[in-house]
Amino acid sequence: MSTITLLRHAKVDMKKYGNISARGFGLWIHEYNTASIKKEVSNKDNIFKILDDADIILCSKLNRSIESVGLFNKSVTYINELFNEVELSFFSWDLIRLRPRVWLIFFRILWFLGYSKNVESYYMAKKRAKLAAKMLIDLSDNSKSIALMGHGVMNRLIIKELLSCNYIKVKNTGTKNWSYRILKS
């Protein structure tokens, strides 16, 4: 029986933003994708045990994923863009000003509804998640435990694929940073 654990990276260390335009949200996305992480870990012992027990540690190519593994002085076995977070579209207008969190929810809902100008569509993200799940399953054939330091939306899409391949979710700690889900075959 193999175990696949999908973890969500650490919080990103960014300055607080007030209300910004949709164009400003595009700049916020860029800053989020290039920023370093906050060094505090809410459930350090659990995460350390997961990474310590893993035969294989994977992460996306995004800095926040790589740095999150690095907090535990662990080596990443594979870095692959298959595990990158799904990007968000945004409008290039300055009409309305909202908090970044509101823009994030707004544009993610639009993305789920099919708006994907200049970014990967929901359909394509699901295809990528299927490939990512296949990679995890193939790697699990020769290992007892795999850990993936990933991202919120992409992890959920990958989990959906793993569940369709007869994996069973045995633990779910939520969706916040440093949360994780453990699946067994």
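See the structure shown above.
All values reported here derive from a predicted model rather than from experimental measurement.

## A look at the pattern of salt bridges
Side chains carrying opposite charge are able to pair once their charged atoms draw close together.
(1) Moving on: Enumeration according to the criterion identifies five salt bridges in this entry.
(2) Moving on: Ionic pairing is found between Arg-128 and Glu-120, a salt bridge with its closest N-O pair at 2.7 Å.
(3) Moving on: Taking the shortest distance from any N to any O, the salt bridge between Asp-138 and Lys-134 comes out at 2.8 Å. Residue Asp-138 and its partner Lys-134 are both found in helix 5 (residues 122-140); the two are separated by four residues, about one turn of the helix.
(4) Moving on: The class for Asp-138 is partly exposed, based on a relative accessible area of 38%.
(5) Moving on: Look at Lys-134 and you get partly exposed, because its relative accessible area is 47%.

## Details of helix 5
(1) Moving on: A rise of 1.5 Å per residue sets the reference length of helix 5, with its 19 residues, at 27 Å; its end C-alpha atoms lie 27 Å apart and thus fit the reference within 8%.
(2) Moving on: Of all the positions in helix 5, only Ala-125, Arg-128, Ala-129, Ala-132, Ala-133, Met-135, Leu-136, Ile-137, Leu-139 and Ser-140 are classed as buried.

## Quick look at the pairing of strand 1 (residues 3-8)
Note on strand geometry: in a regular strand, side chains alternate between the two faces of the sheet.
(1) Moving on: Most of strand 1 sits inside the fold, with six of its six residues counted as buried.
(2) Moving on: Covered by surrounding structure in strand 1 are Thr-3, Thr-5 and Leu-7 together with Ile-4, Leu-6 and Arg-8, the residues of both alternating faces.
(3) Moving on: Pairing between strand 1 and strand 4 (residues 145-150): six bridges, direction parallel. Considered in strand 4, the bridge of Thr-3 is made with Ser-145.
(4) Moving on: Where strand 1 lies against strand 6 (residues 180-184), five bridges are found, and the strand directions are antiparallel. Looking at the pairing, Thr-3 lines up with Lys-184 of strand 6.

## Notes on the environment of Arg-101
(1) Moving on: Structurally, Arg-101 is set in helix 4 (residues 100-112).
(2) Moving on: The exposed category is assigned to Arg-101, whose relative accessible area is 57%.
(3) Moving on: Sequence separation between Arg-101 and Tyr-17 is 84 residues; the distance between their C-alpha atoms is 9.6 Å.

## Some thoughts on the packing of helix 1 (residues 22-34) against helix 4
(1) Moving on: Axis separation between helix 1 and helix 4 bottoms out at 10 Å; the angle between their running directions is 95°. Comparing their axes, helix 4 and helix 1 come out roughly perpendicular. The segment helix 1 lies against helix 4, with Ala-22, Phe-25 and Trp-28 engaging Pro-100, Trp-103, Leu-104 and Phe-107.
(2) Moving on: Looking at the contact of helix 1 with helix 4 residue by residue, the class counts come to seven nonpolar, no polar and no charged.

## Overview of the sheet that holds strand 3 (residues 78-79)
(1) Moving on: Strand order in the open sheet formed by six strands is 3-2-4-1-6-5, and the pairing between neighbours is mixed. Here the strands that pair on one side only, and so sit at the sheet edges, are strand 3 and strand 5 (168-172).
(2) Moving on: As paired elements, strand 5 and strand 6 share four bridges and run antiparallel to each other. Looking across to strand 6, one finds that Lys-169 is bridged to Leu-183.

## Notes on the nonpolar core
(1) Moving on: Counting 27 residues, the largest nonpolar core has Leu-6, Leu-58, Phe-83, Leu-136, Leu-157, Ile-158 and Leu-162 as its most contacted members.
(2) Moving on: Of all the secondary-structure elements, those providing two or more residues to this core are strand 1, strand 2 (56-59), helix 5, strand 4 and helix 6 (152-164).
(3) Moving on: Ranked by the residues each element gives to this core, the list is headed by helix 5, at eight residues.
(4) Moving on: If we ignore the near neighbours within four places in the chain, the residues touching Leu-162 are Ile-4, Leu-6, Ala-133, Leu-136, Ile-137, Tyr-167 and Leu-183.
(5) Moving on: Cys-59, Phe-72, Met-149 and Trp-178 belong to the second largest nonpolar core, which has 17 residues in total.

## Considering helix 4
(1) Moving on: Over its 13 residues, helix 4 extends 18 Å from the first C-alpha to the last, a length consistent with the 18 Å expected when each residue adds 1.5 Å.
(2) Moving on: Of all the residues in helix 4, the buried ones are Pro-100, Trp-103, Phe-107, Arg-108 and Trp-111. Angularly, the buried residues of helix 4 cover 125° about the axis, an arc narrow enough to put them on a single face.
(3) Moving on: Along its buried surface, helix 4 packs onto helix 1, helix 5 and helix 6.

Each value, and the rule that gives it
Residues numbered from 1 in each chain as written. Predicted model: local features only at pLDDT ≥ 70, side-chain atom pairs only at ≥ 80, totals over all residues. Heavy atoms only, no water. Salt bridge = Lys/Arg side-chain N within 4 Å of Asp/Glu carboxyl O. Helix = DSSP H or I, 4+ residues; strand = E, 2+ residues; numbered from the N terminus. Buried < 20%, exposed > 50% of the residue type's maximum accessible area, 1.4 Å probe, protein only. Expected span 1.5 Å × (residues − 1). Pairing = 2+ DSSP bridges. Axes fitted to C-alpha atoms, helices over the stretch in contact; angles between N-to-C directions. Parallel < 35°, antiparallel > 145°, perpendicular 65-115°, else oblique. Contact = heavy atoms within 4.5 Å. Nonpolar A, V, L, I, M, F, W, Y, C, P; charged D, E, K, R; others polar. Core = buried A, V, L, I, M, F, W, Y, C linked by side-chain atoms within 4.5 Å. Arc of directions from axis to C-beta.

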